[in-house]
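A look at the structure
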Amino acid sequence: TQLLEQSPQFLSIQEGENLTVYCNSSSVFSSLQWYRQEPGEGPVLLVTVVTGGEVKKLKRLTFQFGDARKDSSLHITAAQPGDTGLYLCAVHYNTDKLIFGTGTRLQVFP
Amino acid sequence: GAGVSQSPSNKVTEKGKDVELRCDPISGHTALYWYRQRLGQGLEFLIYFQGNSAPDKSGLPSDRFSAERTGESVSTLTIQRTQQEDSAVYLCASSLPILGAGELFFGEGSRLTVL
């Protein structure tokens, strides 16, 4: 059983479209992070959300932490080919190790 | 260098051989993590070191896998008697000791292929 389930698993869209990906759990967390991984590289942190209901914006990316701090969403407006990559949510758990979600692989076509 | 460094970047080995993968974390980062990423998959937690505390080894898939860390610097992940299912990218990351919200900085990974 995965601690963090992400959906959809795969997403292929055209440039200019909007999209939302989700990260869900049955557990409550004090904070949640989103990372993006491009081919051949390690993941890079996009944002950390810490307050229930918090919304953070990073250019065309909008992140929201659920009110109950069990889930999160990432919305991308007017997707660009440069947004292509693997999007991973992650939480610090138990001994403070960081556990990653199952991932959403996004492909944006020109 | 300023980032996390991993070596080798690529390793091809024969089934049954042992391999060692090395990670040099960012200076001053007391936390160090190892993850495994199979082709097209997400990151699977393997082991976590934090300062002088006992490492969290709960993610190691079998007793063929082990890892050590020298103080707060270099770490080595060892896989004994490699199997084909061990083929994956092994990613190392380090972070400052910020409880519950630390940012992880990743290396580019070591790609292991077991023939």
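Reference entry: report on the structure contained in this document. Along each chain, the written sequence defines residue order, and numbers are assigned to residues from 1. Numbering of ligands from 1 and lettering of chains from A proceed in the order in which they are written. Reporting of local features is limited, given that this is a predicted model, to residues whose pLDDT is at least 70; pairs of side-chain atoms are given and counted only at 80 or more, and all residues count toward the totals for whole chains, interfaces and linings. Working from all heavy atoms in the structure, the side-chain values ignore hydrogens and water.

As a further point, take the overall build of chain A. Helix numbering and strand numbering both begin at the N terminus, where a helix is a DSSP run of H or I of at least 4 residues and a strand a DSSP run of E of at least 2. Looking only at helices and strands, chain A features zero helices and 11 strands. Listing the helices and strands of chain A from first to last along the sequence gives β-β-β-β-β-β-β-β-β-β-β. The C-alpha radius of gyration computed for chain A amounts to 13 Å, which stays within 12% of the reference 13 Å derived for 110 residues, consistent with globular compactness. Across its three principal directions, the C-alpha atoms of chain A cover 40 × 30 × 20 Å. For chain A, the residues scored as buried account for 48% of the 110 residues in total. Contacts in chain A between residues far apart in sequence, at least 24 positions, make up 53% of those at least 6 positions apart. Accessible area of chain A: about 5200 Å², with a carbon and sulfur share of 49%. Throughout, the radius of gyration refers to the C-alpha atoms, and the reference size of a globule is 2.2 Å times the residue count to the power 0.38. We call a residue buried when its accessible area falls under 20% of the maximum for its residue type, exposed when it is over 50%, and partly exposed in between, using a 1.4 Å probe and counting protein chains only. Pairs of residues are marked as contacts when any of their non-hydrogen atoms sit within 4.5 Å. Only the protein chains shown count as covering a residue, and every accessible area follows the Shrake-Rupley method with a 1.4 Å probe.

Turning our attention to the overall build of chain B. For chain B, the count of helices and strands is zero helices and 10 strands. Ordered by position from N to C terminus, the α and β elements of chain B give β-β-β-β-β-β-β-β-β-β. C-alpha extents for chain B along the principal axes are approximately 40 × 25 × 25 Å. Sorting the 115 residues of chain B into buried and exposed places 49% on the buried side.

Once that is clear, we can look at the interface of chain B and chain A. In this complex, chain B contributes 22 residues to the contact, which on the side of chain A involves 20 residues. Buried area is understood as the total, over both parts, of accessible area removed when two parts are fitted together, assessed with a 1.4 Å probe. Roughly 1700 Å² is buried in total at the junction of chain B and chain A, and carbon and sulfur atoms are behind 51% of that figure. The salt bridge criterion pairs a side-chain nitrogen of Lys or Arg with a carboxyl oxygen of Asp or Glu, the two atoms within 4 Å. The interface formed by chain B and chain A contains one salt bridge. N or O atoms within 3.5 Å of each other form a polar contact, as long as, within protein, one can give a hydrogen and the other can take it, and as long as residues adjacent in sequence are counted only when both atoms are side-chain atoms. On inspection of chain B and its partner chain A, the count reaches seven residue pairs in polar contact (both at pLDDT 80 or more). With three residues, the top contributor of residues to the side of chain B that touches chain A is strand β4 (residues 31-37) of chain B. Following the grouping adopted for this structure description, the nonpolar residues are Ala, Val, Leu, Ile, Met, Phe, Trp, Tyr, Cys and Pro, the charged ones are Asp, Glu, Lys and Arg, and the polar ones are all others, Gly among them. When its residues are assigned to classes, the side of chain B that touches chain A shows 11 nonpolar, eight polar and three charged.

Two cysteine sulfurs form what is called a disulfide whenever their separation falls within 2.5 Å. This model, assessed by the stated rule, comprises two disulfides over all chains. Each disulfide pairs two cysteine sulfurs, and for C23(A) the partner residue is C89(A), the sulfurs being separated by 2.1 Å. Residues C23(A) and C89(A) are joined by a disulfide whose S-S torsion is about 75°; by sign, that bridge is right-handed. Of this pair, C23(A) sits in strand β3 (residues 19-24) while C89(A) sits in strand β9 (residues 85-93), and the two are 66 residues apart along the sequence. Sulfur-sulfur distance for the disulfide between C23(B) and C92(B) comes to 1.9 Å. Taking the torsion about the sulfur-sulfur bond, which here is approximately -65°, the covalent link between C23(B) and C92(B) counts as left-handed.

All names here are of chain B. Between any two strands, pairing holds if DSSP finds at least two bridges. Pairing within the open sheet is antiparallel, and its four strands lie in the order β1-β3-β7-β6. Where the open sheet ends on each side, the last strands, each with one partner, are β1 (5-7) and β6 (65-69). Geometrically, the sheet is characterised by an average inter-axis angle of 15° between neighbouring strands, direction not taken into account. Bridging between strand β3 (residues 19-24) and strand β7 (residues 75-79) involves five bridges; their strand directions are antiparallel. Axes here refer to lines fitted to C-alpha atoms; in helices the fit is confined to the stretch in contact. Angles between the N-to-C directions go from 0 to 180 degrees.

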